[in-house]
Amino acid sequence: VSSIGAVKFEFLICNRWGELIFESEDKDFQWDGKYKGETVPLGVYVYQIYIEDIREEHHQKRGHIVVLQ
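Fair warning: this is a prediction, and the values are worked out from it, not measured in the lab.

## Some words on the nonpolar core
Part 1 of the argument: Of all hydrophobic cores here, the largest spans 12 residues; its members are Ala 6, Phe 9, Phe 11, Ile 13, Ile 21, Phe 22, Phe 29, Val 40, Tyr 45, Ile 49, Ile 51 and Val 67.
Part 2 of the argument: The greatest single-element share of this core, amounting to four residues, is contributed by strand 1 (residues 6-14).
Part 3 of the argument: Those residues within four positions of Ile 21 in sequence are excluded, and the remaining contacts are Ile 13, Cys 14, Asn 15, Trp 31, Lys 34, Tyr 35, Val 40 and Tyr 45.

## What to know about the pattern of salt bridges
Part 1 of the argument: In total, this model carries two salt bridges according to the counting rule given.
Part 2 of the argument: We note a salt bridge from Glu 52 to Lys 8, for which the minimum N-O separation is 3.8 Å. Taken together, the positions of Glu 52 in strand 5 (residues 43-53) and Lys 8 in strand 1 put the pair 44 residues apart, joining distant regions of the chain.
Part 3 of the argument: With a relative accessible area of 14%, Glu 52 lands in the buried category.
Part 4 of the argument: One salt bridge in this structure joins Glu 57 and Arg 55, with 4.0 Å as the shortest N-O distance.

## Focus on the side chain of Ser 24
Part 1 of the argument: For Ser 24, the location among the structural elements is in strand 2 (residues 20-24).
Part 2 of the argument: The exposure class of Ser 24 is buried, given its relative accessible area of 12%.
Part 3 of the argument: Polar contacts involving the side chain of Ser 24 include one to the main-chain amide nitrogen of Asp 26, which spans 3.0 Å.
Part 4 of the argument: The contact partners of Ser 24, leaving out residues within four places of it in the chain, are Phe 9, Glu 10, Phe 11 and Phe 29.

Calculation criteria
- Residues numbered from 1 in each chain as written.
- Predicted model: local features only at pLDDT ≥ 70, side-chain atom pairs only at ≥ 80, totals over all residues.
- Heavy atoms only, no water.
- Core = buried A, V, L, I, M, F, W, Y, C linked by side-chain atoms within 4.5 Å.
- Buried < 20%, exposed > 50% of the residue type's maximum accessible area, 1.4 Å probe, protein only.
- Helix = DSSP H or I, 4+ residues; strand = E, 2+ residues; numbered from the N terminus.
- Contact = heavy atoms within 4.5 Å.
- Salt bridge = Lys/Arg side-chain N within 4 Å of Asp/Glu carboxyl O.
- Polar contact = N/O pair within 3.5 Å; in protein donor to acceptor, adjacent residues only side chain to side chain.

No statement about biological role is implied by the geometric values presented.
Below is the structure:
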């Protein structure tokens, strides 16, 4: 995820039921594939990114993460 020029940043990961399983405001975040200390089940997870840039413009991106083990 590129956060160049971001002054505010939020990254969220949800499971298929919409439950939030990870969030970070750190532009250099790393997710270890765990939720509440346990490795998440194999599957597809949804991510959302919210960014405010240096021009005070707001951007939102969504996508999928596939967890394979």
